[in-house]
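# Structure at a glance
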Amino acid sequence: MKRVYLDNNWSLFNEKVGTLSAIVPGCAHTDLLRHGLIEDPYWRDNSEKCRWVENEDFTYTCTFDAEEAEHATILFEGLDTYCTIFLNGEEIGAPENMFI
């Protein structure tokens, strides 16, 4: 079986911040911090300043080429909280919480 890792070429979109380059694995907080849009949420009372992030929707997008195969599996490790997964515009999953 051939493995293709999809850890490159990601972008993050949100109505308030627009489109940014993103790093996966990661999260909205780490990407916003890397772009200087929030302060370190682990320093002093900065978590209060970053609270708006929890109430926003973020879309992560990646484009990749896949070879034709009779069978393919996409494995997502660590999708936290709620999300919807689309492949070529078609919904393929909607995990609700990786801790439950």
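Calculation notes
- Residues numbered from 1 in each chain as written.
- Predicted model: local features only at pLDDT ≥ 70, side-chain atom pairs only at ≥ 80, totals over all residues.
- Heavy atoms only, no water.
- Core = buried A, V, L, I, M, F, W, Y, C linked by side-chain atoms within 4.5 Å.
- Buried < 20%, exposed > 50% of the residue type's maximum accessible area, 1.4 Å probe, protein only.
- Helix = DSSP H or I, 4+ residues; strand = E, 2+ residues; numbered from the N terminus.
- Contact = heavy atoms within 4.5 Å.
- Patch = residues over 30% accessible without salt bridge, like charges linked within 9 Å, V, L, I, M, F, W, Y side chains within 5 Å.
- Areas by Shrake-Rupley, 256 points an atom, 1.4 Å probe, with all protein chains shown as cover.
- Salt bridge = Lys/Arg side-chain N within 4 Å of Asp/Glu carboxyl O.

### Observations regarding the nonpolar core
If you look at the biggest cluster of nonpolar residues, it comprises 10 residues: Trp10, Leu12, Leu20, Ala22, Ala28, Leu32, Ile38, Cys50, Val53 and Cys62. Elements supplying a minimum of two residues to this core: strand S1 (10–14), strand S2 (18–22) and helix H1 (28–34). Apart from residues no more than four positions distant in its own chain, Ala28 is found in contact with Val53, Phe58 and Tyr60.

### Some thoughts on a nonpolar patch on the surface
Judged by side-chain polarity, Phe64, Ile74, Phe76, Leu87 and Ile92 come together as a nonpolar surface patch covering roughly 390 Å² of accessible area. Summarising the element assignment, Leu87 is placed in strand S4 (residues 85–87).

### Considering the environment of Ser11
Residue position: Ser11 is located in strand S1. A sequence separation of 13 residues divides Ser11 from Val24, and the C-alpha atoms of the two residues are 9.3 Å apart. Apart from the residues within four sequence positions on either side, Ser11 is in contact with Thr19, Leu20, Ser21, Ala22, Thr59, Tyr60 and Thr61.

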